[in-house]
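As a plain string of letters, each chain reads:
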Amino acid sequence: MRLDVVSIFPEYLAALDVSLVGKAAKSGLLDVHLHDLREWTHDRHRTVDDTPYGGGAGMVMKPEPWGLALDAIAPADGPAQPRLIVPTPAGRPFTQELAYELAAEPWLAFACGRYEGIDARVASYAGERMRVDEVSIGDYVLNGGEVAVLVMVEAVARLLPGVIGNPESLAEESHSGDGLLEYPVYTKPTSWRGYDVPEVLLSGNHGLIADWRHEESVRRTAERRPDLLAAWGDVLAGKDDSTA
Ligand SMILES: NC(=S)c1ccno1
């Protein structure tokens, strides 16, 4: 998978060189290209923003540098186009399902907005030749898209074949498989500061252990994410219309 990230703070994305994503890049599973948006400015001050039409606080990122950046990274007459992801609090939710979808793409490009955001015409222009998704990692506002890109790249990269050691572990994670939250996990010692590992986990009875883990997943989901449990209930009751 090729990844391009455009930002006015490309050094923010240095974290992509470490840990799991860094290993994937070094092994050739990821081909990461970081770009400084200011490469595509031509004035003395390397201006990337201006005041918003219609008034209001803050500044808006100018379309010109973004247009030149997209044209340089993914020329209109090129053999392929990336899927463009624009992190924004106004975007569709980033979910594990979307992470799996993005992990199947051969080329992703991320546009990191700053200030009040990127001139809306940039997404329209890009949309003429590539799929554009405006995506939010949560209902809160950051100072820019860089942190969101780090989150999304880690969530996507770890799903790529060969990136994590044991792909079986992906099946039992929160928000995967049955869509419930993951059950609590324990390791040695069996007793620690007066806290004991649940007896069932020491029983060696795999059926009982599986039942206990499912019950714990349902309990946790009911306590912390009843919204997920409602959706799960609909699926069980055959009301799920996602296949409609
Ligand atoms: N919630 C997201 S993705 C965001 C981007 C910029 N600010 O918030």
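Residues numbered from 1 in each chain as written. Predicted model: local features only at pLDDT ≥ 70, side-chain atom pairs only at ≥ 80, totals over all residues. Heavy atoms only, no water.

1. Overview of the overall build of the protein
For the protein, the helix and strand inventory stands at eight helices and nine strands. Taken over the C-alpha atoms alone, the protein extends approximately 70 × 40 × 40 Å along its principal axes. With 244 residues in all, the protein has 38% of them scored as buried. Sequence-distant contacts, at least 24 apart, represent 73% of the contacts inside the protein between residues at least 6 apart. A total of about 14,200 Å² of accessible surface is found on the protein, and carbon and sulfur atoms cover 54% of it. Positive and negative side-chain charges in the protein, numbering 22 and 38 respectively, have mean positions lying 4 Å apart. (Helix = DSSP H or I, 4+ residues; strand = E, 2+ residues; numbered from the N terminus. Buried < 20%, exposed > 50% of the residue type's maximum accessible area, 1.4 Å probe, protein only. Contact = heavy atoms within 4.5 Å. Areas by Shrake-Rupley, 256 points an atom, 1.4 Å probe, with all protein chains shown as cover. Lys, Arg positive; Asp, Glu negative; His and termini not counted. Charge placed at Lys NZ, Arg CZ, Asp CG, Glu CD.)

2. With respect to the site of the ligand
In the vicinity of the ligand, the contacting residues are T88, P89, V135, S136, I137, G138, Y140, V141, L142, G144 and A148. Measuring from a nitrogen atom of the ligand, one finds a side-chain N or O atom of S136 at 3.3 Å. Measuring from a nitrogen atom of the ligand, one finds a backbone N or O atom of Y140 at 3.0 Å. When the free accessible area of the ligand is taken as 260 Å², the share hidden by the protein chains comes to 95%. (Near = heavy atom within 4 Å. Polar contact = N/O pair within 3.5 Å; in protein donor to acceptor, adjacent residues only side chain to side chain.)

3. Focus on the pattern of salt bridges
Overall, the coordinates contain 14 salt bridges when judged by the stated rule. Measuring nitrogen to oxygen at the nearest pair gives 2.9 Å for the salt bridge that ties E223 to R219. One end of the pair, E223, and the other, R219, are both in helix α7 (residues 206-224), four residues apart, so they sit about a helical turn from each other. By relative accessible area, which is 35% here, R219 ends up partly exposed. (Salt bridge = Lys/Arg side-chain N within 4 Å of Asp/Glu carboxyl O.)

4. Concerning the packing of aromatic side chains
Evaluated as defined, the whole model comprises two aromatic pairs. When the centroid spacing of 6.5 Å and the interplanar angle of 50° are considered together, the rings of Y186 and W212 count as tilted. Of the two residues, Y186 is situated in the loop between α6 (168-171) and β8 (191-192) and W212 in helix α7; the sequence distance between them amounts to 26 residues. Residue classification places Y186 among the partly exposed positions, given a relative accessible area of 43%. (Phe/Tyr/Trp six-rings, centres within 6.5 Å; stacked < 30°, edge-to-face > 60°.)

5. What about the sheet that holds strand β7 (residues 132-136)?
Ordered in space as β2-β1-β6-β5-β7, the five strands form an open sheet in which the pairing is parallel. With one partner strand each, in any of the chains shown, β2 (31-36) and β7 form the two edges of the open sheet. The mean inter-strand angle of the sheet, taken between neighbouring strand axes irrespective of direction, is 30°. (Pairing = 2+ DSSP bridges. Axes fitted to C-alpha atoms, helices over the stretch in contact; angles between N-to-C directions.)

6. Quick notes on the pairing of strand β1 (residues 2-7)
Along β1, five of the six residues are buried, which leaves the element largely enclosed by surrounding structure. Between the parallel pair β1 and β2, the chain is carried across by helix α1 (residues 19-26), and the sense of this crossover is right-handed. By the bridge criterion, five bridges tie β1 to strand β6 (residues 107-111) in an arrangement that is parallel. The partner of R2 across the bridge, within β6, is W107. (Right-handed = clockwise from strand over helix to strand, strands pointing away.)

7. A short note on the nonpolar core
The nonpolar side chains of soluble globular proteins are, as a tendency, buried together. Judged by nonpolar contacts, the single largest core of 31 residues is most densely connected at L30, F94, F110 and V156. Mapped by element, the contributors of at least two residues to this core are β1, α1, α3 (96-103), β6 and α5 (146-157). Top contributing element to this core by residue count: α5, with seven residues. Formed by 19 residues, the second largest nonpolar core is a distinct cluster that contains I8, L84, A109 and A111. (Core = buried A, V, L, I, M, F, W, Y, C linked by side-chain atoms within 4.5 Å.)

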